[in-house]
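Chain and residue survey
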Amino acid sequence: MTTVVNVSGVGKTYASGHCALRSVDLDIQRGEIFALLGPNGAGKTTLISIICGIVNASAGTVSVGDLDIVNDFRKVRGQIGLVPQELSTDGFESVWSTVKFSRGLFGKAPNPAYLEQILRQLSLWDKRHARIMELSGGMKRRVMIAKALSHEPDVLFLDEPTAGVDVELRRDMWEMVRGLRERGVTIILTTHYIEEAEEMADRIGVISKGEIILVEEKHALMDKLGQKQLRLQLQ
Ligand code: ATP
């Protein structure tokens, strides 16, 4: 197994004085789907944002491959894709020009065949000429994923990919994420749904009050979730 993301001793105290993360250590293996499971306010978005280099840690280090997220930010950015929790839904542009433009932002040479593949996999190919603003919420979410994949990243971060999504779309998303892993993409997602972590992940890290309290293979974790103590920490 190869470690693709290493988080070591990461802490975060916001300017408000709020301590959102305390000395987090985490290794993500190449090719796995890793779920960061925790209740609202546990620190999931903060941790993802630090790993992706869009929020600075107050302590500790993050590396992606052999690169340090702070010192090699531009290079690392090319290797990762981030789908944030909040959707940007104001696009006048078509789906196709949006993903093409997004790829160009990373300085990648055009690759229409790759973009077609991604849009087909995300069931967006038939909508490629539609303006983003005309799409349903679920389709917009798919466009966000297509954008994040446009530059062929090795690692994809999905921050609460199914928050506020209906059951059918949630199942579609699960299917889609598994399909991406088949392509060799390492996936790190955050969720506060236990059943989502169970359905999708190979390994699960439980985060509570800014601390990773447990990292386990899915099945081992599900056994431990039977314990009342752990359930209480997830509420
Ligand atoms: P959710 O599931 O609700 O998105 P989360 O697990 O992603 O929660 P974070 O968004 O990382 O949690 O927030 C962790 C804590 O840090 C929360 O108490 C939050 O209020 C606080 N926090 C987040 N961003 C900031 C900020 N910019 N300034 C101050 N405090 C912040």
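To start, this report covers the structure provided alongside it. Just so you know, these numbers come straight off a predicted model, no measurement behind them.

1. Structural notes on the site of the ligand
- Inspection of the region around the ligand gives 14 residues, with Gly41, Lys44, Thr45, Thr46 and Glu160 positioned closest.
- One of the side-chain nitrogen or oxygen atoms of threonine 46 is found 2.5 Å away from an oxygen atom of the ligand.
- A distance of 3.5 Å separates an oxygen atom of the ligand from a polar atom in the side chain of glutamine 85.
- No other element matches helix α1 (residues 44–51), which puts three residues into the shell around the ligand.
- Here the shell around the ligand is built from residues that sort into four nonpolar, eight polar and two charged.

2. Notes on the layout of surface pockets
- In this structure, the largest pocket occupies an estimated 460 Å³ of space.
- Along the wall of the largest pocket there are 23 residues; nearest its centre are Ser88, Thr98, Ser102, Met144 and Lys147.
- Secondary structure elements with two or more residues in the lining of the largest pocket: β6 (80–83), α3 (95–105) and α5 (137–149).
- A per-class count over the lining of the largest pocket returns eleven nonpolar, seven polar and five charged.

3. Observations concerning the pattern of salt bridges
- Counted under the stated rule, the structure contains seven salt bridges.
- We note a salt bridge from arginine 178 to glutamate 175, for which the minimum N-O separation is 4.0 Å. Highlighted residues: arginine 178 and glutamate 175, both in helix α6 (residues 167–182), separated by three residues, approximately one helical turn.
- For glutamate 175, a relative accessible area of 54% gives the class exposed.
- One salt bridge connects arginine 181 with aspartate 202, and the closest N-O pair in it is separated by 2.6 Å. Here arginine 181 is found in helix α6, whereas its partner aspartate 202 is found in the loop between α7 (194–200) and β9 (203–208), with 21 residues between them in sequence.
- A relative accessible area of 21% places arginine 181 in the partly exposed class.
- Take aspartate 202: its relative accessible area is 26%, and that puts it in the partly exposed class.
- Three or more residues are tied together by salt bridges with common partners; here these are Glu175, Arg178 and Glu199.

Calculation rules
Residues numbered from 1 in each chain as written. Predicted model: local features only at pLDDT ≥ 70, side-chain atom pairs only at ≥ 80, totals over all residues. Heavy atoms only, no water. Near = heavy atom within 4 Å. Polar contact = N/O pair within 3.5 Å; in protein donor to acceptor, adjacent residues only side chain to side chain. Helix = DSSP H or I, 4+ residues; strand = E, 2+ residues; numbered from the N terminus. Nonpolar A, V, L, I, M, F, W, Y, C, P; charged D, E, K, R; others polar. 1 Å grid on protein atoms, 1.4 Å probe; cavity = no way out; pocket = protein on both sides within 12 Å on 5 of 7 lines; lining within 4 Å. Points joined across faces, edges and corners; volume = space filled by probe spheres on them. Salt bridge = Lys/Arg side-chain N within 4 Å of Asp/Glu carboxyl O. Buried < 20%, exposed > 50% of the residue type's maximum accessible area, 1.4 Å probe, protein only.

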